[in-house]
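Observations on chain architecture
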Amino acid sequence: MRRLTIIYCILLALSCTSKKEEIINTIALENSLLSLSVAADSLNVPWDLQYDQENNYLIFSEIRGEIKKLDLNSGKVSLIKKLPNVFQQRTTGLLGMALYQARESDQYLFLSYTSKVNDQIFSNLYRYIYKDGELSLPKLLLQIPGNTGHNGSRIMVGKDQKVYWSTGDAAIDSNAQDVKRLNGKILRLNLDGSVPKDNPMANSYVYAWGFRNMQGLTQGDNGMIYTSEHGDAVEDEINFIMPLHNYGWPLVEGKNAPKNAADSSKAKSFTTPIQSWTPVIAPAGIAYYGSMKIPEWRNSLILTTLKSQSLRILKLSEDGKAVIDEYTLFKDQLGRLRSVITLPNGDIYFCSSNRDWNPQKGFPKPTDDRIYKLSVSDQNVGQVVRPNKTEATSTQEVSGKMLYESYCASCHKADGKGIPNTFPSLEKSATVNGDIKALANILRNGLKDKTIAGVKYDALMPAFSFLKDEETTAIINYIRTHFNNQSSTITTKQLKQTN
Ligand code: HEC
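Every chain is numbered independently, its residues counted from 1 as its sequence is written. Side-chain atom pairs in this predicted model are given and counted only at pLDDT of 80 or more, local residue features only at pLDDT of at least 70, and totals for whole chains, interfaces and linings cover all residues. Just so you know, side-chain values use all the structure's heavy atoms and leave hydrogens and water out.

1. Considering the sheet that holds strand S3 (residues 46-52)
Ordered by their spatial adjacency, four strands build an open sheet running S3-S4-S5-S6, and the pairing between neighbours is antiparallel. Only two strands of the sheet have a single neighbouring strand rather than two, namely S3 and strand S6 (77-82). Pairs of neighbouring strands in the sheet enclose a mean axial angle of 25°, with direction left out of account. When DSSP finds two or more bridges between a pair of strands, those strands are recorded as paired. Only DSSP runs of H or I reaching four residues or more are called helices, and only runs of E reaching two or more are called strands; each is numbered from the N terminus. For S3 and strand S4 (residues 57-62), the ladder comprises six bridges, and the chain directions are antiparallel. To obtain an axis, a line is fitted to C-alpha atoms, over the contacting stretch when the element is a helix, and the angle between two such axes runs from 0 to 180 degrees between their N-to-C directions.

2. What to know about the packing of helix H5 (residues 436-445) against helix H6 (residues 469-481)
Contact geometry for H5 and H6: axes closest at 11 Å, N-to-C directions at 120°. Here H6 runs oblique to H5, going by the angle between their axes. Of the two elements, H5 crosses H6, and the hand of that crossing is right-handed. Residues Ile436, Leu439, Ala440 and Leu443 of H5 touch H6, and the partners they reach there are Thr472, Ile475, Ile476, Ile479 and Arg480. Classifying every residue of the contact of H5 with H6 by side-chain character gives seven nonpolar, one polar and one charged. An angle below 35 degrees is read as roughly parallel, one above 145 as roughly antiparallel, one from 65 to 115 as roughly perpendicular, and any other as oblique. Helix crossings are classified by the rotation of the near helix relative to the far one: an anticlockwise turn of less than a right angle makes the crossing left-handed, while a clockwise turn makes it right-handed. Contact between two residues is taken to exist if any of their heavy atoms lie within 4.5 Å; hydrogens are not considered. In this count, Pro and Cys sit with the nonpolar residues alongside Ala, Val, Leu, Ile, Met, Phe, Trp and Tyr, while Asp, Glu, Lys and Arg are called charged and the others, Gly among them, polar.

3. Focus on the domain arrangement of the chain
All domain edges in this entry derive from an automatic or database-based domain assignment. Domain parsing of the chain yields domain 1 (20-389) and domain 2 (400-497). The gap between the C-alpha centroids of domain 1 and domain 2 is 32 Å. Counting residues at the interface gives twelve residues for domain 1, matched by 14 residues for domain 2. Once two parts are put together, the accessible area they lose, assessed with a 1.4 Å probe and summed over both, is termed the buried area. Approximately 1,000 Å² of surface area, both sides summed, lies buried where domain 1 meets domain 2, with 60% of it carried by carbon and sulfur atoms. Together, Arg90, Ala233 and Lys307 form the three largest contributors to the area buried by domain 1 at its contact with domain 2, with a combined 38%. By definition here, a salt bridge exists when the distance from a side-chain nitrogen of Lys or Arg to a carboxyl oxygen of Asp or Glu is within 4 Å. On inspection of domain 1 and its partner domain 2, the count reaches zero salt bridges. Any pair of N or O atoms that falls within 3.5 Å is considered a polar contact. Within protein, one atom must be able to donate a hydrogen and the other to accept it, and sequence-neighbouring residues count only if both atoms are side-chain atoms. Across the domain 1-domain 2 interface, the total number found is four residue pairs in polar contact (both at pLDDT 80 or more). In terms of residue class, the side of domain 1 that touches domain 2 is built from five nonpolar, five polar and two charged.

This is the structure in structure tokens:
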């Protein structure tokens with residue numbers, strides 16, 4: 001009788017834990033089948049995902065300042081805390097988090113958010129005591145200058161029990177190369193916020209430098225640290241992080257040569273990325289996959305991307321120092337993807353970011369944003385998809401439309417309409433339809449602080465001086481003859497004469 005009761009209880013518990021999740025896709029790998037399902041929906045820009053292994057909760061941040069938990073047993077989402085004083089505008093807000101549960105006592109949630117006092121913007125690193133999905137006793141560990149963009153902010157507690165915080169350059173390029181400033185760096189702190197005695201520079205938080213705006217931070221099973229980072233108009237990066245290495249921003253980008261001849265002599269002292277992308281893809285969260293559950297993906301970085309709207313699998317070499325293969329999944333299907341986490345049992349969770357400042361065509365869907373689950377499955381349900389091997393794209397001899405979509409549409413949008421008050425519309429724009437020389441100079445040098453049709457833009461337009469003259473000509477001709485513009489076109493020779 002007793003045994004029956006126990007069996008009955010186990011069955012009951014099992015039936016509770018297996019809440020039915022609708023499978024959207026089956027993913028066919030070489031030897032494994034995975035299923036993609038929705039674990040939570042109707043969220044507002046979830047930014048970071050953490051796992052509470054004691055309670056089987058997914059703890060996540062939403063950009064407006066809410067910390068929530070998704071109980072993976074029941075599938076229920078509930079609010080843990082709404083933070084006061086979060087400054088949310090465009091890309092600022094409540095961003096990275098790291099849950100630390102290595103000790104039974106003293107469990108912590110580290111989090112990073114932007115605040116604004118008078119006219120000053122800050123990035124803050126806070127530590128809360130965490131216990132069973134509840135937060136208490138906030139402690140401000142570090143406050144550094146912030147800006148309306150480029151605040152970085154992923155956090156990780158390393159295998160060495162130190163806190164790593166990836167900071168953005170706060171939109172001031174020179175910060176990244178100034179070793180005394182804490183922007184544009186990876187900082188390393190003790191759990192209580194003090195400077196570790198074994199940091200590479202005495203009495204300094206700085207662990208590595210030369211960064212623009214990191215959006216992903218993870219550590220491999222063997223302790224190796226990786227970041228993902230946004231380039232300006234070219235060369236998004238994945239970096240393998242080593243103490244006190246200089247990753248080159250703003251003097252070099254990606255695998256390119258230094259921008260100024262004067263910096264060429266220094267080029268050797270910059271560490272090049274293990275992977276980079278031009279045209280840019282806007283890489284976001286990354287998570288190391290070390291589980292044997294999906295053998296095809298063991299020793300990979302799983303990467304979410306915003307602009308290219310896809311999940312990428314970056315297969316690492318045995319020693320972890322190179323990316324040897326890249327695969328793309330869910331291209332344009334789920335929208336912008338922001339963050340990803342791998343669980344000890346081999347499941348992968350990742351989230352969309354379709355309600356953020358820069359929604360793509362066809363998004364947000366009514367039940368965005370969502371947290372998705374990717375796990376091994378034994379059934380073949382829904383549409384079957386296969387990862388595509390990503391080949392390096394060549395920009396030679398491509399059309400103006402393709403160039404426009406690669407380089408301009410992330411901001412000005414495929415239809416040229418931009419986003420009101422954020423990115424100007426190119427439709428019937430006086431500049432687009434006006435003097436060719438002025439237009440060519442905007443493409444060569446970028447643009448900032450202009451008032452266009454009565455609006456002053458916060459963001460700046462990056463310089464596209466790296467484009468070949470043929471490519472710049474093709475883009476100019478495309479924007480002058482599309483988006484309801486009907487202006488004359490030019491030849492490459494005419495473009496050269498404007499220089
Ligand atoms: C990262 C976002 C971004 C990208 C990518 C971008 N732009 Fe812009 N663009 C802007 C912003 C912001 C402005 C307004 C800047 C200001 O005046 O402060 C702007 C301004 C312009 C203007 C001036 C519009 C007017 O009416 O005066 C033109 C023309 C333009 N962009 C063309 C392009 C083209 C062509 C590309 C692709 C090669 C491109 N932009 C890529 C953000 C972007």
